[in-house]
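Chain by chain, the residues run as shown.
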Amino acid sequence: MRVDVFFAPHANAVLQQTLALPEGSTVADALTRLGAASVGATWRDAVHHAQTGALGLSLWSRRVELGERLREGDRLELSRPLLVDPKVARRERFKGQGSKTTGLFSKKRPGAKAGY
């Protein structure tokens, strides 16, 4: 069975590796195979961090554990931790832009309150 593994070591960079695994393989098996392959230091570091829990693991954006079984065509993703909470970032962006120039609120009815 074939499984695609994705990892973004930093912003604007995505690495992809396709693995051929036997049926019934788990996420841990895929990481072991990826770590043993000569695919570069970045992948080896990513596998080490994923196995120790420093990176998140997901299948098609759904969090999984090392014991999860893989199926043909799965997309295994190694995810870095978030640096900023997305809700806080959005709130700060909105505060900086103001309600008059922001997306949905930029076109308002004449005489309407700001933000409506």
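Residues numbered from 1 in each chain as written. Predicted model: local features only at pLDDT ≥ 70, side-chain atom pairs only at ≥ 80, totals over all residues. Heavy atoms only, no water.

Asks: Go over a positive patch on the surface, please, and point to the residues and values.
Replies: Together, Lys87, Arg90, Arg91 and Arg93 give the surface a local cluster of positive charge. On the secondary structure map, Arg90 appears in helix H3 (residues 86-97). (Patch = residues over 30% accessible without salt bridge, like charges linked within 9 Å, V, L, I, M, F, W, Y side chains within 5 Å. Areas by Shrake-Rupley, 256 points an atom, 1.4 Å probe, with all protein chains shown as cover. Salt bridge = Lys/Arg side-chain N within 4 Å of Asp/Glu carboxyl O. Lys, Arg positive; Asp, Glu negative; His and termini not counted. Charge placed at Lys NZ, Arg CZ, Asp CG, Glu CD. Helix = DSSP H or I, 4+ residues; strand = E, 2+ residues; numbered from the N terminus.)

Asks: How would you summarise the sheet that holds strand S5 (residues 75-79) if you had to cite specific residues and measurements?
Replies: On the basis of which strands lie adjacent, the open sheet formed by five strands has the order S2-S1-S5-S3-S4 and mixed pairing. Every other strand in the sheet has two partners, leaving strand S2 (13-20) and strand S4 (62-63) as the edge strands with one partner each. Inspection of the sheet shows strand S1 (residues 2-10) paired to S5 by four bridges, in the parallel sense. Within the sheet, the bridge partner assigned to Asp4 lies in S5 and is Arg75. Along the sheet, helix H1 (residues 27-36) contacts S1, S2, strand S3 (56-59) and S5; its crossing angle with S2, the most-contacted strand, is approximately 105 degrees. This element, helix H2 (residues 41-52), spans S1, S2, S3 and S5 of the sheet and lies at about 95 degrees to S1. (Pairing = 2+ DSSP bridges. Contact = heavy atoms within 4.5 Å. Axes fitted to C-alpha atoms, helices over the stretch in contact; angles between N-to-C directions.)

Asks: Would you mind going over the pairing of S2 in detail, with residue names and values included?
Replies: In the sheet, S1 pairs with S2 via seven bridges, with the strands oriented antiparallel. Each residue of the ladder has a partner; that of Phe6, found in S2, is Gln16.

Asks: Can you tell me about the packing of aromatic side chains, naming the residues and giving the values?
Replies: Each aromatic ring pair is summarised here by two numbers: the centre-to-centre distance and the angle between the ring planes. Taken as a whole and assessed by the stated rule, the structure comprises one aromatic pair. Ring centres of Phe7 and Trp43 lie 6.3 Å apart, and the angle between their planes is 50 degrees; on these two criteria the pair is classed as tilted. Of the two residues, Phe7 is situated in strand S1 and Trp43 in helix H2; the sequence distance between them amounts to 36 residues. Both residues of the pair, Phe7 and Trp43, count as buried. Directly above the aromatic system of Phe6 lies the positively charged group of Arg75, at a separation of 3.8 Å from the ring centroid. (Phe/Tyr/Trp six-rings, centres within 6.5 Å; stacked < 30°, edge-to-face > 60°. Buried < 20%, exposed > 50% of the residue type's maximum accessible area, 1.4 Å probe, protein only. Lys NZ or Arg CZ within 6 Å of the ring centre and 35° of its normal.)

Asks: Help me get a handle on the environment of Gly24, residues and values and all.
Replies: When you line up the elements, Gly24 lands in the loop between S2 and H1. When its relative accessible area of 35% is taken as the criterion, Gly24 is described as partly exposed. Not counting residues within four places of it along the chain, the set of residues in contact with Gly24 comprises Met1 and Arg69.

Asks: Can you break down the side chain of Asp74 residue by residue, with the values?
Replies: Residue placement: Asp74 occurs in the loop between S4 and S5. One buried charge, Asp74, has no salt-bridge partner; the nearest side chain with opposite charge is Arg71, at 4.7 Å. At a separation of 2.8 Å, a polar atom in the side chain of Asp74 contacts the main-chain amide nitrogen of Arg71. Other than its neighbours up to four places away in sequence, Asp74 contacts Arg2, Val3, Asp4, Leu59, Trp60 and Arg69. (Polar contact = N/O pair within 3.5 Å; in protein donor to acceptor, adjacent residues only side chain to side chain.)

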